[in-house]
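Chain and residue survey
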Amino acid sequence: MSLGSTAEKLRGVGVETVGVVATAADRARRYFSYRRPRYPVAADPDLASHRAFGVPQVPFTEEVMRVVSARRDDLVRTLGLSVGPGGSQEALD
């Protein structure tokens, strides 16, 4: 189930969902121009809202970055994109 369909169900009972992304507003606008959300989204590059609500921040250790990189590579393969080593980030951007 996606957050969009959950947000629509919640809206039906009077609850409004708001998304917060940890990136600059211009980058979020660009991303969401291709993938329109079904709920309002705010950009918070400094993570002030995350700290205010006690959202834990995962440190970007080498292990975390290896997992992120592996999942990104999996996604690129799933999409059938052909890229060289280390090229998955650019391909997805």
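Residues numbered from 1 in each chain as written. Predicted model: local features only at pLDDT ≥ 70, side-chain atom pairs only at ≥ 80, totals over all residues. Heavy atoms only, no water.

A closer look at the overall build of the protein chain
Helix and strand counts for the protein chain come out as 5 helices and 2 strands. The order of helices and strands in the protein chain, counted from the N terminus, is α-β-α-β-α-α-α. Compactness check: the protein chain gives a C-alpha radius of gyration of 16 Å against a globular reference of 12 Å for 93 residues, more than 25% above the reference. C-alpha extents for the protein chain along the principal axes are approximately 50 × 30 × 25 Å. For the protein chain, buried positions account for 13% of its 93 residues. The contacts in the protein chain between residues at least 6 apart in sequence include a share of 28% that link residues at least 24 apart. (Helix = DSSP H or I, 4+ residues; strand = E, 2+ residues; numbered from the N terminus. Rg over C-alpha atoms; globule rule 2.2 N^0.38 Å. Buried < 20%, exposed > 50% of the residue type's maximum accessible area, 1.4 Å probe, protein only. Contact = heavy atoms within 4.5 Å.)

What about the environment of Glu 16?
Here Glu 16 shows up in the loop between α1 (3-12) and β1 (19-21). C-alpha separation for the pair Glu 16 and Tyr 39, spaced 23 residues apart in sequence, amounts to 7.9 Å. Beyond its immediate chain neighbours, meaning those up to four positions away, Glu 16 contacts Arg 11 and Pro 40.

Considering unusual backbone geometry
A positive phi angle, near 60°, is found at Leu 47, a position not held by glycine. Structurally, Leu 47 can be placed in the loop between β2 (41-43) and α3 (48-52). In this structure Leu 47 comes out as buried when scored by relative accessible area, which is 18%.

Re helix α4 (residues 62-78)
The first and last C-alpha atoms of α4 sit 24 Å apart over 17 residues, in line with the 24 Å expected at 1.5 Å per residue. Two residues or fewer after α4 comes Gly 80, characterised by a positive phi angle close to 75°. (Expected span 1.5 Å × (residues − 1).)

A look at a nonpolar patch on the surface
There is a patch of nonpolar side chains on the surface, built from Leu 75, Leu 79, Leu 81, Val 83 and Leu 92 and spanning about 390 Å² of accessible area. Among the secondary structure elements, Leu 79 is positioned in the loop between α4 and α5 (88-92). The class for Leu 79 is exposed, based on a relative accessible area of 52%. (Patch = residues over 30% accessible without salt bridge, like charges linked within 9 Å, V, L, I, M, F, W, Y side chains within 5 Å. Areas by Shrake-Rupley, 256 points an atom, 1.4 Å probe, with all protein chains shown as cover. Salt bridge = Lys/Arg side-chain N within 4 Å of Asp/Glu carboxyl O.)

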